[in-house]
Amino acid sequence: MQDKQLSKFLSLILRHKPETVGITLDEHGWANVEELLRGIRQSGRSIDYPTLERIVAENDKQRFAFSPDGKKIRANQGHSVNVDVELKPMEPPEVLYHGTVEKNKASIEVQGLIKGTRLYVHLSADVDTAMKVAGRRKGVKLIYEVAAGDMSRDGFKFYLSVNGVWLTDKVPCKYLTLL
Ligand code: HQG
């Protein structure tokens, strides 16, 4: 299996469905590397420690991180399972961006941005990155500018994942501008 497919499978396991390979995540989202490798192999895919190291090191968005001793691994963001990856609240820049597609527009303009199945709403620091997020979906791409500075002054908390994704609980409509 190609690294890219294994990387997607890792995202599924470490963000959403660890049970797919018969493992559990601890409260901070860590999986035991030995158990993970064993579980992936038992699912019929071939993987070894050097391959996992390579996938983590070469991942275009640095989606995964090893613990300092290399014995545990977790996803840096994007979870739907309820884990605490120890994000620190952080002062956001004045504006952030969210990429989406046209079919969500009507609903977003009534409800604002909501987190759906994930633990947070995901925001990008620049338009290019937001465009890439939107680009994974079919349909006309839309970019919303988020008045993150105003939100912060109004008491909303922001977190920055170790791989540079901004996270917050929700974004009410009044902080959104369609670009
Ligand atoms: C949309 C990527 C209707 C929202 C990124 C999005 C991120 C609404 C979809 C991570 C809505 C949720 C997350 C509302 C939001 N009505 N639709 N009120 N509010 N939406 O996948 O932000 O490449 O859960 O616009 O970088 O697309 O996977 O979130 O289209 O980190 O590593 O509901 O995925 O990372 O979709 O992306 P998602 P997202 P990776």
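Residues numbered from 1 in each chain as written. Predicted model: local features only at pLDDT ≥ 70, side-chain atom pairs only at ≥ 80, totals over all residues. Heavy atoms only, no water.

K.L.:
Quick question: what am I supposed to make of the site of the ligand here?
P.N.:
Not every one of the 19 residues close to the ligand is listed here, only the nearest: Lys61, Arg63, Gln77, His98 and Ser107. Between the ligand and the protein, one listed contact pairs a nitrogen atom with a backbone N or O atom of glycine 112 at 2.8 Å. Contact between the ligand and isoleucine 114: a nitrogen atom at 3.0 Å from a main-chain N or O atom of the residue. Looking at the shell around the ligand, the elements that each hand over two or more residues are strand E4 (96–101) and helix H4 (105–111). Tallying contributions element by element places H4 first for the shell around the ligand, with 3 residues. Each of domain 1 (3–75) and domain 2 (96–178) contributes no fewer than three residues to the shell around the ligand. (Near = heavy atom within 4 Å. Polar contact = N/O pair within 3.5 Å; in protein donor to acceptor, adjacent residues only side chain to side chain. Helix = DSSP H or I, 4+ residues; strand = E, 2+ residues; numbered from the N terminus. Domains from an automatic or database assignment.)

K.L.:
Would you mind going over the sheet that holds E4 with me for this structure?
P.N.:
Whenever strands of a sheet pair, they do so through backbone hydrogen bonds, lying parallel or antiparallel. The 3 strands lie next to each other as E4-E6-E9, forming an open sheet whose pairing is antiparallel. At either margin of the open sheet sits one strand with a lone partner, and together these are E4 and strand E9 (176–178). Across this sheet, the average inter-strand angle for adjacent strands is 30 degrees, counted without regard to direction. Here 3 bridges tie strand E6 (residues 141–146) to E9, and the two strands are oriented antiparallel to one another. Within E9, the position partnered with valine 146 by the bridge is leucine 176. Of the strands in this sheet, E4 and E6 are in contact with helix H5 (residues 127–135), which crosses E4 at around 25 degrees. (Pairing = 2+ DSSP bridges. Axes fitted to C-alpha atoms, helices over the stretch in contact; angles between N-to-C directions. Contact = heavy atoms within 4.5 Å.)

K.L.:
What's the story with the packing of aromatic side chains in this structure? I'm lost.
P.N.:
Aromatic ring pairs are defined here through the distance separating the ring centres and the angle between the ring planes. In the structure shown here, the tally under the stated rule is 3 aromatic pairs. With centroids separated by 5.8 Å and ring planes inclined at 35 degrees, the aromatic side chains of tyrosine 49 and phenylalanine 66 adopt a geometry described as tilted. Of this pair, tyrosine 49 sits in helix H3 (residues 49–58) while phenylalanine 66 sits in strand E2 (residues 64–66); the two residues are 17 residues apart in sequence, bridging distant segments of the chain. Take tyrosine 49: its relative accessible area is 27%, and that puts it in the partly exposed class. Ring geometry for phenylalanine 156 against tyrosine 175: centres 5.5 Å apart, planes inclined by 75 degrees, an arrangement best described as edge-to-face. Here the residue phenylalanine 156 occupies a position in the loop between helix H6 (148–153) and strand E7 (158–160), and tyrosine 175 occupies one in the loop between strand E8 (166–168) and E9, the gap between them amounting to 19 residues. Given a relative accessible area of 22%, phenylalanine 156 falls into the partly exposed group. For tyrosine 175, a relative accessible area of 6% gives the class buried. The side chain of arginine 45 reaches across the aromatic face of phenylalanine 9, ending 3.6 Å from its centre. (Phe/Tyr/Trp six-rings, centres within 6.5 Å; stacked < 30°, edge-to-face > 60°. Buried < 20%, exposed > 50% of the residue type's maximum accessible area, 1.4 Å probe, protein only. Lys NZ or Arg CZ within 6 Å of the ring centre and 35° of its normal.)

K.L.:
I tried to follow the domain arrangement of the protein on my own but got confused; where do I start?
P.N.:
One frequently used descriptor of interface size is the decrease in accessible area upon assembly of the parts. Domain annotation of the protein identifies domain 1 (3–75) and domain 2 (96–178). Between domain 1 and domain 2, the C-alpha centre-to-centre distance is 27 Å.

K.L.:
Would you explain the nonpolar core in this entry?
P.N.:
Note on soluble globular proteins: their nonpolar side chains tend to be buried together. In terms of nonpolar packing, the biggest core is built from 26 residues, with Leu14, Ile40 and Ile73 touching the most fellow members. Top contributing element to this core by residue count: helix H1 (residues 3–16), with 5 residues. Formed jointly, this core draws a minimum of three residues from each of two domains, domain 1 (3–75) and domain 2 (96–178). If we ignore the near neighbours within four places in the chain, the residues touching isoleucine 73 are Leu14, Gly29, Trp30, Ala31, Val33, Leu36, Leu52, Val56, Phe64, Ala65 and Phe66. Counting residues in each nonpolar core, the second largest holds 16 residues, with Leu96, Leu113, Leu142 and Tyr144 among its members. (Core = buried A, V, L, I, M, F, W, Y, C linked by side-chain atoms within 4.5 Å.)

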